[in-house]
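Residues per chain are reported as follows:
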Amino acid sequence: MIAGVSTPEGTHGFAARHAPLQAHGFFRPAQRRAISSLGLGTYLGASNEETDARYVASVLAAVRGGINFLDTSLNYRHQRSERNVGVALRTLLGERAECRREELVVCTKAGYLVPDAIPHDRLRPDDIVGQMHSMAPAFLEDQLERSRTNLGLATIDVFYLHNPETQLGFVAEAEFLARCRAAFEALEGAVAAGGIAYYGMATWEGFRQREGGLSLVRLEQVAREVAGEQHRFRFIQLPVNLAMTEAYTLRREAWPNGERTTVLEAAARLGITVVASASLLQARLTQGLPEKLASVFPGANSDALRAIQFTRSTPGVASALVGMSRPEHVESNLAVARLRPVGAEQYAALFSA
């Protein structure tokens, strides 16, 4: 396995080596690291060798082009996406040493039961909900080891609980929080053992619901109860795009003093990095957008680039993930790297209009 983990020095060095992009505000702070505000996602695609080859080529093109934030999951394409990222990393970090391990932030996820990756001997029936999801510590420990093997990495930078809100459809809130506590304890143990650097939650609906769902304020409190102020629950991921704006508009986070804020505001206060998924809403935002967006995002000469600019301009978002299974997608989307995100005031004007 490849030793090492991302570091502040390594990631800032990566940004400095891509000075033209850095000059346009392409890199953002995240836990003292510098991460690209466009991240490569690996969710979609057929489970075949042709798609495997394209993903490997896409990761290579992305890192060579200035992207150092890579996102995958054990269940993406039945482990194939993780393995594709691993192949690319071995090329990038191999004999030619095109970059260093310390420069790259690699994220993956666990939670769903994946065919051929289910540790039946370590799961009790009540560890599983809906015959598809688990957050049991023994399950997470098993999944982490599989991900480390697939990626070829001794240490994974960010390990997410994948759509933990799935559990709320089957267990009461008190039981859910108890399961989160047990998961956090296991993941803090993985941090101490060197298997991961940080952990978090990658969600779809959890942080976008007006009522119910996940409370970031409460979850961070659980992390503090488990590991103190230095806990490693420092990342969340949720959809942010032109059609899904709840992270910016919905004041759903309730604080002990009665104040209510958006999840983006809550994350900023709590020192938690926010990563946006579904920036293009699985390609549905690549055409047919309102013409006025062309003037709001100058220099973005396609609907796809305008949609990416919207997400990476959202105040509080560190990186906008875009699924890129072809090198040509990487090349075209990297055009945003030379466009400054719009300011907070101009971004807010989109909503007042």
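Note: the structure precedes this text.
Computed from a prediction, not measured in an experiment: that's the story for all the values here. (Residues numbered from 1 in each chain as written. Predicted model: local features only at pLDDT ≥ 70, side-chain atom pairs only at ≥ 80, totals over all residues. Heavy atoms only, no water.)

Participant: Help me out: how do you make sense of the overall build of the protein chain in this one?
Facilitator: On a plain count of helices and strands, the protein chain comes out with 13 helices and 14 strands. Taking 2.2 N^0.38 as the reference for a compact globule, 353 residues should give roughly 20 Å; the C-alpha atoms of the protein chain span a radius of gyration of 19 Å, in line with that estimate. Its C-alpha atoms put the protein chain at 55 × 55 × 35 Å along the principal axes. Taking all 353 residues of the protein chain together, the buried fraction comes to 58%. In the protein chain, of all internal contacts separated by at least 6 residues, the share reaching a separation of at least 24 is 76%. For the protein chain, the accessible area works out to roughly 14,300 Å², and carbon and sulfur atoms hold 50% of it. Computed over 37 positive and 37 negative side-chain charges, the inter-centroid distance for the protein chain is 4 Å. (Helix = DSSP H or I, 4+ residues; strand = E, 2+ residues; numbered from the N terminus. Rg over C-alpha atoms; globule rule 2.2 N^0.38 Å. Buried < 20%, exposed > 50% of the residue type's maximum accessible area, 1.4 Å probe, protein only. Contact = heavy atoms within 4.5 Å. Areas by Shrake-Rupley, 256 points an atom, 1.4 Å probe, with all protein chains shown as cover. Lys, Arg positive; Asp, Glu negative; His and termini not counted. Charge placed at Lys NZ, Arg CZ, Asp CG, Glu CD.)

Participant: I keep staring at helix α7 (residues 216-227) and nothing clicks. Help me out?
Facilitator: Because an α-helix packs 3.6 residues into every turn, residues spaced three or four apart end up facing the same way. Taking 1.5 Å of rise per residue, 12 residues should cover 16 Å, and α7 covers 16 Å from first to last C-alpha, within 8% of that figure. Three or more residues of α7 are buried, namely Leu 216, Val 217, Leu 219, Glu 220, Val 222 and Ala 223. Buried residues along α7 sit against α6 (173-193), β9 (196-202), β10 (233-239), β11 (253-254) and α9 (263-270). Where α7 terminates, the next one or two residues include Gly 228, which has phi positive at roughly 80 degrees. (Expected span 1.5 Å × (residues − 1).)

Participant: Help me understand the pattern of salt bridges, please; the structure alone is not making it clear to me.
Facilitator: Side-chain pairs of opposite charge can arise where the charged atoms are in close proximity. Scanning all chains against the criterion turns up 23 salt bridges. With a closest N to O distance of 2.5 Å, Glu 145 and Arg 148 form a salt bridge. In this pair, Glu 145 and Arg 148 are both assigned in helix α5 (residues 137-151), three residues apart and thus about one turn of the helix distant. The exposure class of Glu 145 is partly exposed, given its relative accessible area of 38%. Residue class for Arg 148 comes out buried when judged on its relative accessible area of 15%. Its salt-bridge partner being Arg 326, residue Glu 328 comes within 3.9 Å of it at the nearest N-O pair. Under the relative-accessibility criterion, Glu 328 is labelled partly exposed at 43%. (Salt bridge = Lys/Arg side-chain N within 4 Å of Asp/Glu carboxyl O.)

Participant: Help me understand the nonpolar core in this model?
Facilitator: Here is a general trend for soluble globular proteins: nonpolar side chains tend to be buried in one another's company. Core analysis: the biggest nonpolar cluster contains 96 residues, and Leu 216, Leu 219 and Phe 233 have the highest contact counts within it. Sort the elements by how many residues they give to this core and α6 lands first, with eight residues. Here Phe 233 is in contact with Phe 184, Glu 188, Tyr 199, Gly 200, Met 201, Leu 216, Leu 219, Glu 220, Ala 223 and Ile 272, once residues within four sequence places are set aside. Listed in part, the 14 residues of the second largest apolar core include Ala 197, Phe 235, Val 275 and Ala 318. (Core = buried A, V, L, I, M, F, W, Y, C linked by side-chain atoms within 4.5 Å.)

Participant: It is not clear to me how the side chain of Glu 165 should be interpreted in this structure. Could you clarify?
Facilitator: Within the fold, Glu 165 resides in the loop between β8 (156-162) and α6. The side chain of Glu 165 sits in the buried core without any salt bridge; Arg 208 is the nearest counter-charge, 7.4 Å away. A polar contact is formed between the side chain of Glu 165 and the backbone nitrogen of Glu 205, at a distance of 2.9 Å. Those residues in contact with Glu 165 that sit more than four places away from it in its chain are Thr 203, Trp 204, Glu 205, Gly 206 and Leu 214. (Polar contact = N/O pair within 3.5 Å; in protein donor to acceptor, adjacent residues only side chain to side chain.)

Participant: Honestly, the pairing of β10 in this entry has me stumped. Any pointers?
Facilitator: Moving residue by residue along a regular strand, the side chains alternate between the two faces of the sheet. With seven of its seven residues buried, β10 lies for the most part within the structure. Here β9 runs beside β10; their pairing, made up of four bridges, is parallel. Each residue of the ladder has a partner; that of Tyr 199, found in β10, is Phe 233. With α7 bridging β9 and the parallel β10, this β-α-β connection has right-handed handedness. For β10 and strand β13 (residues 273-277), the ladder comprises five bridges, and the chain directions are parallel. By the bridge assignment for β13, Leu 238 is matched with Ala 276. (Pairing = 2+ DSSP bridges. Right-handed = clockwise from strand over helix to strand, strands pointing away.)

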